[in-house]
Amino acid sequence: MNDARILARALTDPASIVGLDGDGWTALLAMARAEQLIGTLAMRLDGLPLPGAVTAILADARAAAEHGRRAALWEAEMARRALSAVDCPVILLKGTAFVAAGLSAGQGRAIGDLDILVPRASIGAVETALLAAGWEWVKPDPYDDVYYRRWMHELPPLIHRERDRMIDVHHTILPLTARITPDAAALIEGSVALEKGLRTLSPNGMLIHAAAHLFADGDLAGGLRNLWDIHCLVNEFGTQDLDAEARRHGLQREVSRSLRLVAAVFGDRPAHGLDRLYLRRITARDDWGRPIRPITRLAFYVRSHWLRMPPAMLIRHLWTKWRKA
Amino acid sequence: MRHAFLVRIGPVGFRIGSDWRAPIADLETLYRDYPKPQDGVPDFTVRLFARRPWRRIVRPSVEIGGDYMLPEAAPLPLRQGLLAAEMAMNLQMALGARRYLLLHASAVERDGRALLMTGISGAGKSTLATLLAAKGWRFMGDEFALLDPLTGLIHAFPRLVSLKNAAIAAAEAAWPDARMGPLMPATPKGDIRHMVPDARAIAAMDTPAVPALLVFPRYGFDAETRPVPPAEAFVRMTQASTNYVALGEAGFRALTGLIADVPSVAIDYPDGARAIEQVEALWAAL
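Summary of the structure given here.

Cut-off values and rules
- Residues numbered from 1 in each chain as written.
- Chains lettered and ligands numbered in written order.
- Predicted model: local features only at pLDDT ≥ 70, side-chain atom pairs only at ≥ 80, totals over all residues.
- Heavy atoms only, no water.
- Helix = DSSP H or I, 4+ residues; strand = E, 2+ residues; numbered from the N terminus.
- Rg over C-alpha atoms; globule rule 2.2 N^0.38 Å.
- Buried < 20%, exposed > 50% of the residue type's maximum accessible area, 1.4 Å probe, protein only.
- Contact = heavy atoms within 4.5 Å.
- Areas by Shrake-Rupley, 256 points an atom, 1.4 Å probe, with all protein chains shown as cover.
- Core = buried A, V, L, I, M, F, W, Y, C linked by side-chain atoms within 4.5 Å.
- Pairing = 2+ DSSP bridges.
- Axes fitted to C-alpha atoms, helices over the stretch in contact; angles between N-to-C directions.
- Salt bridge = Lys/Arg side-chain N within 4 Å of Asp/Glu carboxyl O.
- Buried area = accessible area lost by both parts, 1.4 Å probe.
- Polar contact = N/O pair within 3.5 Å; in protein donor to acceptor, adjacent residues only side chain to side chain.
- Nonpolar A, V, L, I, M, F, W, Y, C, P; charged D, E, K, R; others polar.

Brief notes about the overall build of chain B
When its secondary structure is counted, chain B shows nine helices and 17 strands. The C-alpha atoms of chain B give a radius of gyration of 19 Å, which matches the 19 Å a tight globule of 286 residues would have. Across its three principal directions, the C-alpha atoms of chain B cover 60 × 40 × 35 Å. Each of the 286 residues in chain B was classed as buried or not, and the buried ones make up 55%. Within chain B, residue pairs in contact and separated by at least 24 positions form 69% of the contacts whose partners lie at least 6 positions apart. Total accessible area on chain B is roughly 11,900 Å²; 57% of this is exposed by carbon and sulfur atoms.

Right, dumping it as C-alpha cells:
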C-alpha cells in the first residue's frame with residue numbers, strides 16, 4: 001500500500017502499527033501531517049509501546065492539538081461575547097463544535113477557522129456586531145466581496161485584527177449557486193444547546209453537514225480528515241433517521257456515499273463503482289506526504305466547480321477571475 | 001523522492017528528499033560526521049522539488065516543501081540547493097517544533113554554562129559564536145538555541161554555520177582547517193558559505209548547558225555595554241522566538257524562567273576582536 005490507506009488503518013486499528021520499521025513510521029507520520037491528522041493519530045496511539053522517537057513526536061502533536069483545542073474554544077467564546085447582543089442562535093460548526101461538545105471527532109483534531117451558522121435573516125446584524133468587536137474583512141477585491149454576498153453560503157471571511165483568527169459566518173451549508181439547496185432553517189431548528197448560549201447542530205445535522213461539505217462542495221482536499229469526522233460521528237451517534245433527514249435536505253446521495261466510503265476507508269468493505277474513484281482521491285498521498293494522482297485530483301477539482309455553479313455562470317466567473325489574475 | 005538523506009542535528013532528526021543529486025551530495029559531505037535520527041524516525045521531512053517536471057532540467061529551480069510550508073517561499077536556483085535545504089530545515093523547526101522553546105539565537109558553552117546571543121540579522125550572532133568557538137568555547141549553534149521548558153536547559157542545535165558576506169573571511173581566518181561548503185554568491189542574503197562546526201561541537205551536541213548570560217550584540221558602533229531590564233529582555237525574546245505563541249503557557253513559563261535566571265546585556269561593538277573582549281569581561285564578572 002503506497003497511499004494514505006496505511007494512515008487510515010493506523011487510525012482505525014492502532015495495533016496495525018506493531019512491527020513498523022523506521023521508514024514505515026516516517027511515511028506514516030509524514031502522511032498524517034500532510035492530512036492534518038497527526039494530532040488524531042497521536043490520540044489514537046496514546047499508551048501503545050512505540051519507538052522513543054515516535055513517542056516524542058506524538059507527544060508534541062498531542063500538545064499542539066491541546067493548544068489548538070483551547071484556542072478554538074476561546075475563539076468561540078470571543079464570538080459568543082461579540083454576538084451576545086444579537087438576538088439569534090449561534091451554531092458552532094465542524095472542529096470547534098466537536099471539541100465544544102466533547103465528541104470523539106474532536107479528539108486531537110486540527111482546527112483552523114471558526115465556522116458558525118446563523119439564520120440568514122440575522123446575517124447583517126451578525127456582521128455588524130463582529131466588525132464592532134474587532135473583526136475585519138480579508139478579501140479586498142470588490143468582485144469577490146459581491147460574489148460572496150450574492151452567491152455564497154457564507155459572508156466573505158473575516159479575520160480578527162488582534163488574534164489573527166478567521167471566522168466564517170454561514171447562513172446555510174452549501175453555496176446558493178449549487179444545485180442542492182439544503183433546508184438551513186430545519187438545521188437551525190434542530191440544533192442543540194451547549195452551555196452559555198452557543199449551539200451545535202444535531203448529531204444527524206452534523207453528519208449531513210460533513211457529508212455535504214465533503215461530497216457536494218470542494219475538491220475533496222482534506223477528505224481523509226473529513227471522512228474521519230464522519231466515521232467518529234457515526235460510531236458515537238449511529239445513523240437512526242439519518243436517511244430521512246438527508247432526503248429532506250436533498251443530500252441523501254452524499255450521505256449514503258459518505259457512509260459507504262467510511263466503511264471502505266476505515267472498515268474492510270470494498271468500494272464499488274464510482275466510489276472507487278473517490279477512494280483513489282481521498283487516499284492520494286505518498287510516503288513523503290506529497291499529493292499524488294494528479295489526474296484524479298484535477299478531475300475532482302473540475303467537478304467541484306461544476307457542482308458549485310450552473311455552466312453559464314461558471315464560465316462568466318472563470319472569465320472574470322482570469323481577467324483579474 | 002529520487003535522492004534522500006537522513007541526519008540528526010542536536011535532538012532533532014531530519015529527512016531531506018530532493019529531485020536532484022547535487023544538494024544531497026553536499027549534505028552527505030558536510031554532515032558526514034553527524035549521527036542518523038534516533039530509531040530511524042526523523043522529526044521532520046524536508047522536500048526539495050521541481051514545481052514542473054521539466055524544471056528538473058531546464059533552468060532547474062528548487063522549491064522548498066516539507067511537513068510545514070510557507071506559501072510565499074521563493075524557489076532558488078539549483079546552485080543554491082544547499083541553502084535551500086538549510087532554509088527548509090530551519091523552516092520545519094520554526095513552524096513545527098513544540099518540544100523546545102526556539103530562541104533565534106546563537107549559543108556557545110563553557111564549563112557547562114551557555115552564553116546566548118540574539119539580535120536582528122547582521123547583528124553578528126553567527127560570527128561572534130564562530131569566533132568565540134575558535135577561542136575555546138563549545139559551539140552550540142548559530143541559528144536556534146533550544147530551551148527545554150521542563151528543565152530550563154539549553155540544547156545544542158549545531159547545524160552548518162551559515163556565513164554571510166564579510167563573515168566568510170572572518171571565519172576562514174579563525175578556522176583555517178574548517179571544512180566549507182560551496183561559496184554561493186549573490187543569494188537573496190548576499191554571499192553565503194556554510195562551515196561545518198568543529199569536531200568538538202558535533203561530539204558534544206547531546207550535552208545540554210545551563211543558560212548563564214543573554215547578550216544582545218549590535219555591530220558597527222563604538223564599544224558600549226549596558227544592562228537590559230528584564231521586561232525589555234522578555235519582550236525582545238518573545239519576538240526572537242518563532243514558537244513562543246504556539247507553546248502557550250509552557251512557552252511563557254520557559255521564557256520568564258530564563259529571563260529571571262540570567263542577566264541580559266546589550267553590547268555595541270566596532271569589530272569582532274573588541275566584541276570578544278566585551279563578552280569575556282562580562283563572563284568573568286558573572
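What about the nonpolar core?
Ranked by internal contacts, the top residues of the largest apolar core, which has 67 residues, are B:Phe14, B:Ile16, B:Leu27, B:Tyr31, B:Met93 and B:Leu103. Filtering out sequence-adjacent residues up to four positions away, B:Met93 remains in contact with B:Val12, B:Phe14, B:Phe44, B:Leu102, B:Phe144, B:Leu146 and B:Phe157.

Concerning the sheet that holds strand E4 (residues 61-66) of chain B
All names here are of chain B. The sheet built from five strands is open, its strands ordered E1-E2-E3-E4-E5 with mixed pairing. Either end of the sheet is taken by a strand with one partner, and the two such strands are strand E1 (3-9) and strand E5 (76-77). Note: E1 against strand E2 (residues 12-18), seven bridges, orientation antiparallel. Bridged to His3 within E2 is Ser18. Sitting on the sheet, helix H1 (residues 21-30) is in contact with E1, E2 and strand E3 (44-49), with an inclination near 30° to E1. Seen against the sheet, helix H2 (residues 81-96) touches E1, E2, E3, E4 and E5 and runs at an angle of roughly 145° to E3.

Considering the pattern of salt bridges
Scanning all chains against the criterion turns up 39 salt bridges over all chains. Across the salt bridge formed by B:Asp33 and B:Arg179, the nearest N and O atoms sit 3.5 Å from each other. One end of the pair, B:Asp33, is in the loop between H1 and E3; the other, B:Arg179, is in the loop between helix H4 (166-174) and strand E13 (184-187), with 146 residues separating them in the sequence. Since its relative accessible area comes to 23%, B:Arg179 is described here as partly exposed. When salt bridges that share partners are traced, they join A:Glu77, A:Arg80, A:Arg81 and A:Lys196 into one network.

Some details on the side chain of A:Asn226
All names here are of chain A. Position of Asn226 relative to the elements: it lies in helix H10 (residues 223-237). By relative accessible area, Asn226 is classed as buried at 8%. Setting aside chain neighbours within four positions, we find Asn226 in contact with Arg109, His213, Leu214 and Ala221.

Details of the interface of chain B and chain A
If you look at the interface, chain B gives 23 residues, while chain A gives 20 residues. Both faces combined, the contact of chain B with chain A buries some 1,800 Å², and carbon together with sulfur accounts for 54% of it. When the area that chain B buries against chain A is broken down by residue, the three leading residues are B:Arg15, B:Val41 and B:Arg99, summing to 31%. The tally of links from chain B across to chain A stands at two salt bridges. Across the pair B:Arg99 and A:Asp60 runs a salt bridge whose closest N-O atoms are separated by 2.9 Å. At the surface where chain B touches chain A, the tally comes to nine residue pairs in polar contact (both at pLDDT 80 or more). Listing elements by their share of the side of chain B that touches chain A, those giving two or more residues are E2, E3 and helix H7 (244-247) of chain B. Top contributing element to the side of chain B that touches chain A by residue count: E3(B), with four residues. For the side of chain B that touches chain A, the residue count by class is ten nonpolar, five polar and eight charged.

Examining the pairing of strand E17 (residues 264-269) of chain B
Residues and elements named next belong to chain B. Along E17, six of the six residues are buried, which leaves the element largely enclosed by surrounding structure. Burial along E17 is two-sided: the residues Ser264, Ala266 and Asp268 and Val265, Ile267 and Tyr269 are all buried. As paired strands, strand E15 (residues 210-219) and E17 are joined by six bridges and run parallel to one another. The residue of E17 that forms the bridge with Tyr219 is Tyr269. Here strand E16 (residues 224-227) runs beside E17; their pairing, made up of four bridges, is antiparallel. Its bridge partner being in E17, Glu224 is matched across the sheet by Asp268.

Here we look at helix H3 (residues 125-134) of chain B
Most of H3(B) is tucked away, with eight of its ten residues classed as buried. By the burial criterion, the buried members of H3(B) are B:Lys125, B:Ser126, B:Leu128, B:Ala129, B:Thr130, B:Leu131, B:Leu132 and B:Ala133.

Quick look at unusual backbone geometry
You will see that A:Leu220, though not glycine, has its phi angle at about 70°, which is positive. Checked against the element boundaries, A:Leu220 lands in the loop between helix H9 (203-215) and H10. One non-glycine residue, B:Asp39, lies in the positive phi region at around 60°. Turning to its location among the elements, B:Asp39 is positioned in the loop between H1 and E3.

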